[in-house]
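# Report on the structure
Letter by letter, the chains look like this.
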Amino acid sequence: MKQLLAILVDGSVYASWLFIISAGLTLIYGVMRILNMSHGSFYALGAYSGASMVGWYFSTGSVPWLSFVVLIGAALAAGVTVGLLVERGLLRFMYGRDEVVMILVTYAVLLIMEDAIKLIWGVEPYFAYQPYTMLGRTKFMGLTFANYDFMLIGVSILIGLALWYGLNRTRNGKLLRVIIHDREIAGALGINVSKIFTITFVIGAGIGALAGALTAPGLSVVPGMGIEVIVLAFAVVVIGGLGSISGALVGALIVGMARATAVHLYPEVELFVIYAVMGLVLAFRPQGLFAVANARKI
Amino acid sequence: MSKRSLALLLILGVATLVGGLLLPNWMSYLFTIAMGKGLVVLGLVLLMRAGLVSFGQGLYYCLGAYVAGMLTQFAEVTDVLLILLASVSFSVVIAAIIGLLLCRYREIFFAMFSMAFSMILYGLLVRNQVLGSTDGFNVANPSLLGWAPGPEGASNLVLAVAVLLVFTLGILAWRYLKSLSGYAGEAVRENEIRLEYLGGSVFKIIYVKYIIAAGLAAIGGTVTALVSGHVDPEMAYWTTSGEFVFIALMGGTGHVAAPIIAAVLFESLRTYASAVAPYTWQMILGFALLAIILFLPSGLWSLVERFQNKKPRKAP
Amino acid sequence: MKHSLLTAATVACAMTTGGLSLNAYAADEYKLGLVTFLSGAASGPFGIPAKNAADLVIDAINDGTLPAPIKGNGIDGRMITPVYLDEAGGATKQTAEFRNLVERDGVDAVVGYISSGDCLAIPSVAEELKTLTVLFDCGTPRVFEEADYKYVFRTTATASMDNIAAARYVHENLSDLQTIAGINQNYSWGHDSWRDFTETLKVLRGGDIEITTEQFPKLFAGQYGAEISALQVNSADVIHTSFWGGDTDAFVLQAAARGLLADNEVIFTAGETALNSLGEHLPDGAIIGARGPFGPFAPESELNTWFQNEFTERFGTPPTFPAYHMAQALIGLKLAHDQAGVGASTDEVISSFEGLEFYGPGGKVEMSRGKGHQAATEMVYGRLTRVDGEITFTDITRYPADCVNPPDGTETLKWIQSGMPGAECN
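Residues numbered from 1 in each chain as written. Chains lettered and ligands numbered in written order. Predicted model: local features only at pLDDT ≥ 70, side-chain atom pairs only at ≥ 80, totals over all residues. Heavy atoms only, no water.

Time to look at the packing of helix 3 (residues 91-104) of chain C against helix 4 (residues 116-129) of chain C. All names here are of chain C. Orientation of helix 3 relative to helix 4, taken along the N-to-C sense of each, is 35 degrees, at an axis distance of 9 Å. Where helix 3 crosses over helix 4, the handedness of that crossing is right-handed. Contacts between helix 3 and helix 4 pair Ala91, Gln94, Thr95, Phe98, Arg99, Val102 and Glu103 from the former with Gly117, Asp118, Ala121, Ile122, Val125, Ala126, Glu128 and Leu129 from the latter. Of the residues that constitute the contact of helix 3 with helix 4, the class distribution is eight nonpolar, three polar and four charged. (Axes fitted to C-alpha atoms, helices over the stretch in contact; angles between N-to-C directions. Helix = DSSP H or I, 4+ residues; strand = E, 2+ residues; numbered from the N terminus. Left-handed = near helix turned anticlockwise from the far one by under 90°. Contact = heavy atoms within 4.5 Å. Nonpolar A, V, L, I, M, F, W, Y, C, P; charged D, E, K, R; others polar.)

Structure follows, in structure tokens:
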């Protein structure tokens, strides 16, 4: 019983984290058909800018709870700025290239950003644990959980809702869906595809940076942290179906629960669980759970 | 292929070998590693010509290397030919099984799924204590038909074998690309349904290419294992596979020689970048990659083609 | 075809010869290859402190300002010129880079390697190229257990020592110890650490020990929520972890926030690097190790005081164990050269290095294992406590080298399982 509760809570916390790190990735793929390898670097960028700003904020001795605003604000600002730079300065010259070429373009961006981050922040670890410890903990049934983790679940639901609302209930979101459905027709109808692309990439990069900022308080921000999350985010997105927000949500839940179960019951298989789930899903639904199958070329 | 070009190739091969042996040790080592990787990329290029990009060639690269390492370390088989035979056949068998599943997929799904398989191998190796987990294990010096050249001669032996392999496999691959089955690859990329109407089996074409690519990757892995004297699971990690795609793109898919040259260039670029800028070598690689994609979309080989097209061309 | 291939060969040849190096050899310099992590997750906690220590110690050796009894400028009068290299990229890349260091850059010796995989791959190349190589930080006991090397030395003790001592410490200090749990990274280091720890405990307690859960999260996972719950559900008398660097930081933060560290005894075999940054999150009573007698556990000596002060002044933080490891390697190398005399050949330096006993900032180092090529040092554990808000240690136990290191010529695991014969603990 205690174990079941632990699995459920751990699974949900992990799933919400996975959803936050993969939402931006799947959004960008859905609209732009770019599998953004540099997503992990935006995550790292968010973590670094958030953590360093929070560190600075606490050294000024201001009101502690405002540190959340600083954390998220700094990450979003950095993510949006660099996202805009990458999209306007580089990606827009590449549109129309093969999907695989685009993967390599973003891979190059990843290599460059990793070193750029190192040049700016060095390799010393950065900490922003105040928001994490500030919220305290909750005890029930002999288990103790950090309240920050529960907040993470709330934030991921908020991000999911915001994306859903933005895509389904706003004018720009509807235009976006037209592009997802058929880019050429959308262009022919007079939709400014280029503008929508810029907006999408910036939002995706922003969510990536936000994910990093939200993760930063629970760990030390170190070089290479972005590389670690890419494969994880890819797996989630592929399971759910590339380009589908609800798919990412379901993918995150499946992976999160599967991993928590493995950790509690069969710790030795923890490393494979994600790939096993991915293999299983793809064997039966090659396009992932929520994606529409592509027609073959005629 | 005319007799004259065959003779020229032979001379070129011998010249490469002699040149390789005369180079300073560290350069011939780099050259050997590059040829090993070049072979992996050659297989990748075969797939890419059919429109499929595998982000999981590390799977077979690593399998080949581990088979080689295990044979020398645990079975005391050190003969290069036996090792090559074993690692290629083992990888081909695995590829024949995985290929059944994988060859149904296209585009990004093929890429991601092939990556998943190589990551599973990575996980298995990391869990395996006998094989040294992430630390891997050392590979003994190879021999040839009972002749054991010892530690100093071993790298020259591998170099010679690698040169021989690169030339023979290169010629074979070139002939393959000129064959019906080779051209069918491009047909798959252009239009699968039309190809099937014409009576070709898309699955079979891709399946064969996948298996050839796996065999080439295994050979590349074996060469790397024998010359570096060490294997570890890193060889199956997705960044290794990503590197192969990087090299393939750098060279382009225009010619069988392109991947080999690109591999040599890539290795040199990397070693000079990390010597000149130990803190920012990744950034240098990143900018180089971007420059190639931007200015040479068909890879470095397009430079050669541009140069050739200026001269009048004879019929092949 | 033929044209293209000819062009290909020309391009390749031009490329390889074109970039040839300029091997200006100067007789009055001692070129030293230094390989540590300059990028990636191991650079912050290990690579950079080690590099900083190298900068500090090399300057001091060149200026002749190291405290007595170390004397003389440079290595037998030659000034050390360091050539730095990033260790990132895996063992295959490192073997290639090692060749480049020796054959292209013409270094006289190489000091380096933090990753155990690299430490296993490099020695055979070092032997082939006949280059004096000092491994300074990696922990795997396999290096000298699986083979004998002439040109390769390791001036730091193996990781087995950390975990054998850890088992002894919890066995002696925790009354009614019945159950243990472990959380270690899913790679060689974590597996080996956990195995040595549990096997030693089994021997010490005659098999009377129960493992409640063994967790192996992925290296650099960063998220340990589920593992912490599992450790809470399957609570044990002591939790063993060999986490290092960023993973230690993340685990400490998350486990502290969820009360795991306050409610349980935890032993961190490599936890010392977290003291400076996260000391306030570690509760009193946490058992900390530093992979040898380093940092807060270093015995008092003039050399240690010098090292602590100079390092703190120059880099702003006190030196952690990777810095000590590096200092130890450089001092060992210098002393081996000094003992061999000016103008000694590599073979003479090697024979004076073999079996050398010397004092580094962390006290005595005996090159007494691996046929004189592998160091053994004492190992120290202590419990964290606070005096007026300052972190210090109580219940410090020092285990002599011969208590926690297997004798020369024995394999660690076999030695443990056969009951650790010949261990001298007093």
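This paragraph deals with helix 9 (residues 245-257) of chain C. In this model, helix 9 of chain C (13 residues) spans 19 Å end to end at C-alpha, consistent with the 18 Å of a helix rising 1.5 Å per residue. Downstream of helix 9 of chain C by a residue or two, glycine 259 of chain C has a phi angle that is positive, lying close to 75 degrees. (Expected span 1.5 Å × (residues − 1).)

Contacts between chain C and chain B engage 51 residues on the former and 48 residues on the latter. Summing both sides of the interface, chain C and chain B together bury roughly 4500 Å²; the carbon and sulfur share of this comes to 61%. Our count for the chain C to chain B interface comes out at zero salt bridges. Connecting chain C to chain B are six residue pairs in polar contact (both at pLDDT 80 or more). Considering each element in turn, the side of chain C that touches chain B owes the most residues, 12 residues, to helix 1 (residues 2-18) of chain C. Class assignment of the residues belonging to the side of chain C that touches chain B gives a composition of 20 nonpolar, 18 polar and 13 charged. (Buried area = accessible area lost by both parts, 1.4 Å probe. Salt bridge = Lys/Arg side-chain N within 4 Å of Asp/Glu carboxyl O. Polar contact = N/O pair within 3.5 Å; in protein donor to acceptor, adjacent residues only side chain to side chain.)

Residue and element names in this part refer to chain C. Spatially, 7-6-8-9-10-14-15 is the arrangement adopted by the seven strands of the open sheet, whose pairing is mixed. With one partner strand each, in any of the chains shown, strand 7 (210-215) and strand 15 (390-399) form the two edges of the open sheet. Strand-to-strand twist of the sheet, defined as the mean angle between neighbouring strand axes without regard to direction, takes the value 25 degrees. As paired strands, strand 10 (residues 287-289) and strand 14 (residues 379-387) are joined by three bridges and run antiparallel to one another. When the sheet's bridge partners are listed, glycine 289 is paired in strand 14 with tyrosine 381. Its contacts with the sheet put helix 7 (residues 188-204) on strand 6 (179-183), strand 7 and strand 8 (238-241), and the angle it makes with strand 6 is roughly 170 degrees. (Pairing = 2+ DSSP bridges.)

Enumeration according to the criterion identifies 30 salt bridges over all chains in this entry. For aspartate 347 of chain C, the salt bridge goes to lysine 150 of chain C, with nearest N and O atoms at 3.2 Å. Residue aspartate 347 of chain C is found in helix 14 (residues 346-353), and its partner lysine 150 of chain C is found in the loop between helix 5 (142-146) and strand 5 (152-154); the two are separated by 197 residues along the sequence. Among the residues examined, aspartate 347 of chain C registers a relative accessible area of 41% and is labelled partly exposed. Under the relative-accessibility criterion, lysine 150 of chain C is labelled partly exposed at 34%. Taken together, the salt bridges that share partners define one network made up of Lys37, Glu243, Glu267 and Arg270 of chain B. (Buried < 20%, exposed > 50% of the residue type's maximum accessible area, 1.4 Å probe, protein only.)

Residues and elements named next belong to chain C. According to the stated counting rule, one finds two disulfides over all chains in the structure shown. Here cysteine 119 is linked by a disulfide to cysteine 138, with a sulfur-sulfur distance of 2.0 Å. Note on the cysteine 119 and cysteine 138 pair: the S-S dihedral is about -95 degrees, so by sign convention the disulfide is left-handed. Residue cysteine 119 is located in helix 4, and its partner cysteine 138 is located in the loop between strand 4 (132-135) and helix 5; the two are separated by 19 residues in the primary sequence. Cysteine 119 sits in the buried class, given a relative accessible area of 0%. Note on cysteine connectivity: cysteine 403 is disulfide-linked to cysteine 425, with sulfurs 2.0 Å apart. (Disulfide = S-S within 2.5 Å.)

Glancing now at the pairing of strand 1 (residues 137-140) of chain A. Moving residue by residue along a regular strand, the side chains alternate between the two faces of the sheet. Residue and element names in this part refer to chain A. As judged from the four bridges shared by strand 1 and strand 2 (residues 143-146), these two strands associate in the antiparallel manner. When the sheet's bridge partners are listed, lysine 139 is paired in strand 2 with threonine 144. Hairpin connection between strand 1 and strand 2: a loop of two residues separates the two successive antiparallel strands, and methionine 141 in this loop has a positive phi of roughly 50 degrees.

Okay, the packing of helix 2 (residues 43-63) of chain C against helix 12 (residues 302-315) of chain C next. Residue and element names in this part refer to chain C. Interaxial distance between helix 2 and helix 12 falls to 11 Å at its minimum, and their mutual angle equals 115 degrees. As the angle between them shows, helix 2 and helix 12 are arranged roughly perpendicular. Note on packing geometry: the crossing formed by helix 2 with helix 12 is right-handed. Counting all contacts with helix 2, which are made through Pro49, Asn52, Ala53, Asp55, Leu56, Val57, Asp59 and Ala60, the residues of helix 12 involved are Trp306, Phe307, Glu310, Phe311, Arg314 and Phe315. (Parallel < 35°, antiparallel > 145°, perpendicular 65-115°, else oblique.)

What follows is about a nonpolar patch on the surface. All names here are of chain A. A cluster of nonpolar residues, Met1, Leu4, Leu8, Phe140 and Met141, forms a patch on the protein surface that exposes about 530 Å² of accessible area. In this fold, phenylalanine 140 is placed in strand 1. Here phenylalanine 140 falls in the partly exposed class, since its relative accessible area comes to 31%. (Patch = residues over 30% accessible without salt bridge, like charges linked within 9 Å, V, L, I, M, F, W, Y side chains within 5 Å. Areas by Shrake-Rupley, 256 points an atom, 1.4 Å probe, with all protein chains shown as cover.)

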